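Fold and contact review
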Amino acid sequence: NTLEVLKTFPDKSVDMIMPSPPYVGWRDYGEETKAGWDGDPNHKHQWQKKRTRRANGSGGLSNKLFLKRKRKDNFQEIVNYKDRANYSDFCECGAWRGQLGLEPTLELYLAHLLQITAELKRVLKKEGTLWWNHGDSYNGTGSGRKIEEQRDTYKKYNPKLRINEDGVNIAGMPDKCLLLQPYRLAQAMIEQQGWHLRNILIWHKPNAMPSSVKDRFTNDYEPILFFS
């Protein structure tokens, strides 16, 4: 767990940091990467599997799911489930258990990243730099990412990774709209933690995988946010 490891580092001890965090809704890295976040650290958590309701009212239910619907605190309880992206483990104290990048809301994802960037700022020397590589996601079904599983590099280096086919669905965001997750995070880092954003660098990918989507251009870059 990144936070646990960072807390073992002394203050102002690192010259340069270059992370590439899990992006919203891109991949499932497996059960062993789940961690507890937020809530009361002294509380003995009892995790309950709850399904967040979609903003568009459809719920995004897959016909492969067999659900017993039960209204409770704005969630639907899952009895039998197959789609990992459709549920989250919550405790009554407000804690959430899951993988960074698979939070049920964009706000919760950004809040968790801000916990990490606060620790990065603590361990970074005064003259140190942070190079934050962060791609973006589109709001909607995410079904267009299935093609990534066919890449030779995916099969060779990422045999355990599973694409989150349910995609991302953020309240108030229209389908097919970029979430702007790296820029939302950058703004919060500046306003809440006092980071200095010096440049936005473009990591160009001349051999990027062509997109099968017909109504926009292929993304062949990711931004690197240069902080001091």
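Scroll up to find the structure.
Residues numbered from 1 in each chain as written. Predicted model: local features only at pLDDT ≥ 70, side-chain atom pairs only at ≥ 80, totals over all residues. Heavy atoms only, no water.

1. Comments concerning helix α2 (residues 106–123)
Because the α-helix completes a turn every 3.6 residues, residues three or four places apart line up on one side. Stated formally: Runs of H or I in DSSP of at least four residues are treated as helices and runs of E of at least two as strands, each being numbered from the N terminus. In this analysis, the expected span of each helix is defined as 1.5 Å times one less than the number of residues it contains. Residue burial is assigned from relative accessible area. The probe radius is 1.4 Å, only protein chains are included, and a residue is buried under 20% of its type maximum, exposed over 50%, and partly exposed in between. Any two residues whose heavy atoms approach within 4.5 Å are treated as being in contact.
With 18 residues, α2 should reach 26 Å at 1.5 Å per residue; the first-to-last C-alpha distance of 26 Å fits that figure. Buried within α2 we find L106, L108, Y109, L110, H112, L113, L114, I116, T117, E119, L120 and V123. Along its buried surface, α2 packs onto α1 (2–6), β1 (14–17), β3 (35–37), β8 (96–98), β9 (124–133) and α4 (181–193).

2. Overview of α4
Spelled out, the test is: The directions considered for the arc run from the helix axis to the C-beta atoms.
Under the 1.5 Å per step criterion, the end-to-end length of α4 is 17 Å for 13 residues, consistent within 8% with the ideal 18 Å. Among the residues making up α4, those that are buried are Q181, P182, L185, A186, A188, M189 and Q193. Buried residues of α4 fall within an arc of 165° about the axis and therefore sit on the same side. Residues of α4 that are buried in the fold lie against α2, β9, β11 (197–204) and β12 (221–227).

3. Observations regarding the packing of aromatic side chains
Spelled out, the test is: Between the rings of Phe, Tyr and Trp (Trp by its six-membered ring), a pair exists once the centres lie within 6.5 Å; its type follows the angle of the planes, with under 30 degrees stacked, over 60 edge-to-face, and the other angles tilted. Counted as over-ring charges are cases with an Arg CZ or a Lys NZ within 6 Å of the ring centre that also lie within 35 degrees of the ring normal.
Under the counting rule described, the total for this entry stands at two aromatic pairs. For the ring pair W131 and F226, a centre distance of 4.3 Å and an interplane angle of 25° mean the geometry is stacked. In this pair, W131 sits in strand β9 while F226 sits in strand β12, placing the two residues 95 residues apart along the sequence. Residue F226 is classed as buried on the basis of its relative accessible area of 17%. On the numbers, 5.8 Å between centres and 65° between planes, the contact of W195 with F227 is edge-to-face. Here the residue W195 occupies a position in the loop between α4 and β11, and F227 occupies one in strand β12, the gap between them amounting to 32 residues. When its relative accessible area of 4% is taken as the criterion, W195 is described as buried. Over the face of the ring belonging to W203 we find K205, whose NZ or CZ atom lies 4.6 Å from the ring centre.

4. Some thoughts on the sheet that holds β12
Backbone hydrogen bonds hold the strands of a sheet together, and the pairing may be parallel or antiparallel. Using the following cut-off: Strand pairing is defined by DSSP finding a minimum of two bridges between the two strands. Lines fitted to the C-alpha atoms define the axes, with helices restricted to the stretch that makes contact. Angles between their N-to-C directions range from 0 to 180 degrees.
Strand order in the open sheet made by the four strands is β1-β9-β12-β11, with mixed pairing throughout. Both edges of this open sheet fall to β1 and β11, since each of them pairs with a single strand only. Adjacent strand axes in the sheet meet at a mean angle of 15° when their direction is disregarded. For β11 and β12, the ladder comprises seven bridges, and the chain directions are antiparallel. Across the sheet, the residue bridging to I202 is P223, located in β12. Across the sheet, α2 is in contact with β1 and β9; its angle to β9 comes to roughly 145°.

5. Overview of the environment of P223
Mapped onto the secondary structure, P223 falls in strand β12. For P223 and P182, which are 41 residues apart along the polypeptide, the C-alpha to C-alpha distance reads 8.0 Å. Leaving out residues up to four positions away in the same chain, P223 has contacts with W132, N133, H134, G135, P182, Y183, I200 and L201.

6. Concerning the pattern of salt bridges
The condition that has to hold: Counted as salt bridges are all cases of a side-chain nitrogen of Lys or Arg within 4 Å of a carboxyl oxygen of Asp or Glu.
Here the structure, examined in full by the defined rule, presents seven salt bridges. A salt bridge links K176 to D215; its shortest N-O distance comes to 2.6 Å. Here K176 is found in the loop between β10 (162–163) and α4, whereas its partner D215 is found in the loop between β11 and β12, with 39 residues between them in sequence. Of the residues examined, K176 reaches a relative accessible area of 59% and is grouped as exposed. Of the residues examined, D215 reaches a relative accessible area of 47% and is grouped as partly exposed. As a salt-bridge pair, K205 and E222 come within 2.8 Å of each other at their nearest N and O atoms. A residue pair is termed long-range when its members are at least 10 positions apart, and K205 in the loop between β11 and β12 and E222 in strand β12 qualify at 17 residues. A cluster of three or more residues bridged by salt bridges with shared partners is formed by D11, E119 and R122.

7. Describing the environment of E32
Inspection of the secondary structure assignment puts E32 in the loop between β2 (27–28) and β3. Accessibility expressed as a relative area gives 63% for E32, which makes it exposed.

8. A few points about unusual backbone geometry
Positioned with a positive phi, D38 is a non-glycine residue whose angle comes to about 65°. Looking at where D38 falls in the secondary structure, it is placed in the loop between β3 and β4 (48–52). Here L180, not a glycine, exhibits a phi torsion of approximately 60°, which is positive. The topology assignment puts L180 in the loop between β10 and α4.

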